[in-house]
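Chain by chain, the residues run as shown.
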Amino acid sequence: MARMHTRRRGSSGSDAPVADEPPEWSDVDAEEIEARVVELAEQGHDPSQIGLKLRDEGVKGTPIPDVKLATGKKVTEILAENDADSDLPEDLRNLMERAVRLRKHMDRNPQDAQNKRALQNTESKIRRLVNYYQGDEIDADFEYDYETAEEILED
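Asks: I keep staring at the overall build of the chain and nothing clicks. Help me out?
Replies: Of regular secondary structure, the chain possesses 7 helices and 0 strands. Going from N to C terminus, the chain has its helices and strands arranged as α-α-α-α-α-α-α. Since a compact globule built from 155 residues should have a radius of gyration of about 15 Å, the 19 Å found for the chain marks it as more spread out than a globular shape. The principal-axis extent of the C-alpha atoms belonging to the chain is close to 55 × 35 × 30 Å. The burial tally for the chain puts 30% of its 155 residues in the buried class.

Structural data, given as C-alpha coordinates:
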(Lines give C-alpha, C1' and ligand atoms only; values in the text may rest on other atoms or scores of the structure.)
Protein backbone atom coordinates (compact mmCIF):
# COMPACT_ATOMS: atom_id res chain seq x y z
CA MET A 1 0.00 0.00 0.00
CA ALA A 2 1.65 3.25 -1.10
CA ARG A 3 1.72 6.14 1.29
CA MET A 4 0.46 9.32 -0.28
CA HIS A 5 1.99 11.96 1.95
CA THR A 6 5.27 10.47 3.17
CA ARG A 7 8.64 9.81 1.58
CA ARG A 8 8.70 6.21 2.69
CA ARG A 9 8.03 3.37 0.33
CA GLY A 10 4.71 1.62 0.49
CA SER A 11 4.40 -1.68 2.28
CA SER A 12 3.01 -4.57 0.32
CA GLY A 13 -0.39 -5.75 1.46
CA SER A 14 -1.73 -9.28 1.61
CA ASP A 15 -3.52 -10.80 -1.35
CA ALA A 16 -7.14 -11.85 -1.20
CA PRO A 17 -7.53 -15.62 -1.02
CA VAL A 18 -7.86 -17.28 -4.41
CA ALA A 19 -11.31 -18.80 -4.31
CA ASP A 20 -14.04 -18.88 -6.92
CA GLU A 21 -16.84 -20.36 -4.84
CA PRO A 22 -17.84 -20.08 -1.18
CA PRO A 23 -16.76 -22.88 1.17
CA GLU A 24 -19.26 -25.71 1.58
CA TRP A 25 -19.65 -25.02 5.31
CA SER A 26 -21.07 -21.58 4.44
CA ASP A 27 -24.15 -22.57 2.46
CA VAL A 28 -26.52 -19.71 3.25
CA ASP A 29 -29.06 -18.65 0.65
CA ALA A 30 -28.13 -15.47 -1.28
CA GLU A 31 -31.51 -13.83 -0.55
CA GLU A 32 -31.00 -14.33 3.21
CA ILE A 33 -27.55 -12.72 2.97
CA GLU A 34 -28.95 -9.75 1.03
CA ALA A 35 -31.76 -9.32 3.56
CA ARG A 36 -29.22 -9.33 6.41
CA VAL A 37 -27.03 -6.78 4.58
CA VAL A 38 -30.00 -4.42 4.18
CA GLU A 39 -31.02 -4.98 7.81
CA LEU A 40 -27.51 -4.10 9.04
CA ALA A 41 -27.45 -1.00 6.82
CA GLU A 42 -30.75 0.17 8.29
CA GLN A 43 -29.20 -0.19 11.75
CA GLY A 44 -26.61 2.38 10.63
CA HIS A 45 -23.63 0.20 9.75
CA ASP A 46 -21.20 1.12 6.96
CA PRO A 47 -20.41 -1.40 4.18
CA SER A 48 -17.07 -2.35 5.74
CA GLN A 49 -18.72 -2.93 9.13
CA ILE A 50 -21.41 -5.05 7.44
CA GLY A 51 -18.73 -7.27 5.90
CA LEU A 52 -17.06 -7.73 9.28
CA LYS A 53 -20.35 -8.53 11.00
CA LEU A 54 -21.24 -11.12 8.36
CA ARG A 55 -17.79 -12.65 8.72
CA ASP A 56 -17.95 -12.76 12.53
CA GLU A 57 -21.66 -13.27 13.30
CA GLY A 58 -22.93 -14.54 9.98
CA VAL A 59 -26.53 -15.16 8.98
CA LYS A 60 -28.45 -17.42 11.36
CA GLY A 61 -25.17 -18.42 12.99
CA THR A 62 -23.37 -19.40 9.76
CA PRO A 63 -20.40 -17.12 8.98
CA ILE A 64 -20.19 -15.55 5.52
CA PRO A 65 -16.46 -15.23 4.68
CA ASP A 66 -17.02 -13.37 1.39
CA VAL A 67 -20.29 -11.70 0.43
CA LYS A 68 -19.32 -11.34 -3.22
CA LEU A 69 -18.54 -15.06 -3.55
CA ALA A 70 -21.78 -16.03 -1.82
CA THR A 71 -24.13 -13.66 -3.66
CA GLY A 72 -22.25 -12.58 -6.78
CA LYS A 73 -22.60 -8.93 -5.68
CA LYS A 74 -20.58 -6.58 -3.53
CA VAL A 75 -22.09 -5.22 -0.31
CA THR A 76 -22.33 -1.74 -1.89
CA GLU A 77 -24.16 -3.19 -4.94
CA ILE A 78 -26.68 -4.92 -2.68
CA LEU A 79 -27.26 -1.67 -0.79
CA ALA A 80 -27.69 0.31 -4.03
CA GLU A 81 -30.25 -2.19 -5.36
CA ASN A 82 -32.30 -1.88 -2.16
CA ASP A 83 -31.94 1.92 -1.89
CA ALA A 84 -30.12 1.52 1.42
CA ASP A 85 -26.84 3.11 0.34
CA SER A 86 -25.66 6.39 1.80
CA ASP A 87 -25.40 9.64 -0.12
CA LEU A 88 -21.59 9.70 0.24
CA PRO A 89 -19.08 6.89 -0.34
CA GLU A 90 -17.74 5.48 2.93
CA ASP A 91 -14.10 6.47 2.35
CA LEU A 92 -15.03 10.08 1.58
CA ARG A 93 -17.32 10.30 4.62
CA ASN A 94 -14.57 8.94 6.90
CA LEU A 95 -12.05 11.47 5.60
CA MET A 96 -14.55 14.30 6.08
CA GLU A 97 -15.19 13.20 9.67
CA ARG A 98 -11.45 13.22 10.27
CA ALA A 99 -11.07 16.69 8.72
CA VAL A 100 -13.87 18.11 10.88
CA ARG A 101 -12.29 16.58 13.98
CA LEU A 102 -8.86 17.98 13.07
CA ARG A 103 -10.29 21.44 12.31
CA LYS A 104 -12.02 21.58 15.72
CA HIS A 105 -8.74 20.55 17.34
CA MET A 106 -6.89 23.28 15.40
CA ASP A 107 -9.41 25.89 16.59
CA ARG A 108 -8.63 24.93 20.19
CA ASN A 109 -4.88 24.45 19.64
CA PRO A 110 -3.64 26.85 16.93
CA GLN A 111 0.01 26.16 17.79
CA ASP A 112 -0.23 22.45 16.91
CA ALA A 113 1.83 22.31 13.70
CA GLN A 114 1.67 18.52 13.31
CA ASN A 115 -2.10 18.52 13.25
CA LYS A 116 -2.12 21.49 10.91
CA ARG A 117 -0.17 19.37 8.43
CA ALA A 118 -2.42 16.38 9.09
CA LEU A 119 -5.43 18.57 8.28
CA GLN A 120 -3.79 19.78 5.05
CA ASN A 121 -3.03 16.19 4.00
CA THR A 122 -6.53 15.00 4.86
CA GLU A 123 -8.17 17.82 2.93
CA SER A 124 -5.89 17.06 -0.01
CA LYS A 125 -7.05 13.43 0.03
CA ILE A 126 -10.67 14.60 0.19
CA ARG A 127 -10.21 16.82 -2.87
CA ARG A 128 -8.65 13.90 -4.79
CA LEU A 129 -11.56 11.62 -3.88
CA VAL A 130 -14.12 14.29 -4.78
CA ASN A 131 -12.55 14.54 -8.25
CA TYR A 132 -12.67 10.74 -8.53
CA TYR A 133 -16.33 10.42 -7.49
CA GLN A 134 -17.72 13.58 -9.16
CA GLY A 135 -20.56 12.92 -11.56
CA ASP A 136 -20.72 9.26 -10.60
CA GLU A 137 -21.22 8.78 -6.86
CA ILE A 138 -21.66 12.46 -5.97
CA ASP A 139 -23.00 15.54 -7.82
CA ALA A 140 -20.87 16.95 -10.62
CA ASP A 141 -20.90 20.40 -8.99
CA PHE A 142 -19.89 19.17 -5.50
CA GLU A 143 -17.07 21.24 -3.98
CA TYR A 144 -15.41 20.36 -0.68
CA ASP A 145 -15.07 22.94 2.04
CA TYR A 146 -15.21 22.71 5.80
CA GLU A 147 -18.73 24.15 6.13
CA THR A 148 -20.19 21.69 3.61
CA ALA A 149 -18.48 18.78 5.36
CA GLU A 150 -19.90 19.89 8.70
CA GLU A 151 -23.39 20.22 7.21
CA ILE A 152 -23.26 16.81 5.55
CA LEU A 153 -22.01 15.06 8.68
CA GLU A 154 -24.75 16.57 10.87
CA ASP A 155 -27.41 14.62 8.94
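Asks: Hey, could you run me through the environment of Ile33 in this one?
Replies: Relative to the helices and strands, Ile33 is located in helix α1 (residues 30–42). In this structure, the C-alpha to C-alpha distance between Ile33 and Gly58, residues 25 residues apart in sequence, is 8.6 Å. Aside from chain neighbours lying at most four places away, what touches Ile33 is Val28, Leu54, Val59, Ile64, Val67, Ala70 and Thr71.

Asks: Any chance you could explain the packing of α1 against helix α2 (residues 47–56) here in plain terms?
Replies: To describe two helices that pack against each other, one gives the angle between their axes and the distance between the axes. Direction vectors running N to C along α1 and α2 enclose 130°, while the axes themselves pass 10 Å from each other. In terms of orientation, α1 and α2 fall into the oblique class. Our pair here, α1 against α2, has a crossing hand that is right-handed. Here Ile33, Arg36, Val37, Leu40 and Ala41 of α1 lie close against α2, whose contacting residues are Ile50, Lys53 and Leu54. Class assignment for the residues of the contact of α1 with α2 results in 6 nonpolar, no polar and 2 charged.

Asks: Is there a simple way to think about helix α6 (residues 113–133) in this case?
Replies: It helps to recall that an α-helix has 3.6 residues per turn; residues three or four apart then point in one direction. In a regular helix each residue adds 1.5 Å, so 21 residues correspond to 30 Å; α6 covers 30 Å between its end C-alpha atoms and thus fits that length. Within the span of α6, buried status applies to Ala118, Leu119, Asn121, Thr122, Glu123, Ile126, Leu129, Val130 and Tyr133. For α6, the N-terminal capping position is held by Asp112, with its side-chain oxygen 3.5 Å away from the main-chain nitrogen of Gln114. One or two positions beyond α6, positive phi appears at Gly135, with a value near 85°.

Asks: Whenever I open this one, unusual backbone geometry confuses me. Can you help?
Replies: Peptide bonds are, in most cases, trans, and in most cases residues other than glycine have a negative phi. A positive phi angle is found at Lys60, which is not glycine, with a value near 55°. Non-glycine residue Asp83 carries a positive phi angle of around 50°. Tracing the backbone shows Asp83 in the loop between α4 (75–81) and α5 (90–108).

Conventions adopted
Residues numbered from 1 in each chain as written. Predicted model: local features only at pLDDT ≥ 70, side-chain atom pairs only at ≥ 80, totals over all residues. Heavy atoms only, no water. Helix = DSSP H or I, 4+ residues; strand = E, 2+ residues; numbered from the N terminus. Rg over C-alpha atoms; globule rule 2.2 N^0.38 Å. Buried < 20%, exposed > 50% of the residue type's maximum accessible area, 1.4 Å probe, protein only. Contact = heavy atoms within 4.5 Å. Axes fitted to C-alpha atoms, helices over the stretch in contact; angles between N-to-C directions. Parallel < 35°, antiparallel > 145°, perpendicular 65-115°, else oblique. Left-handed = near helix turned anticlockwise from the far one by under 90°. Nonpolar A, V, L, I, M, F, W, Y, C, P; charged D, E, K, R; others polar. Expected span 1.5 Å × (residues − 1). Polar contact = N/O pair within 3.5 Å; in protein donor to acceptor, adjacent residues only side chain to side chain.

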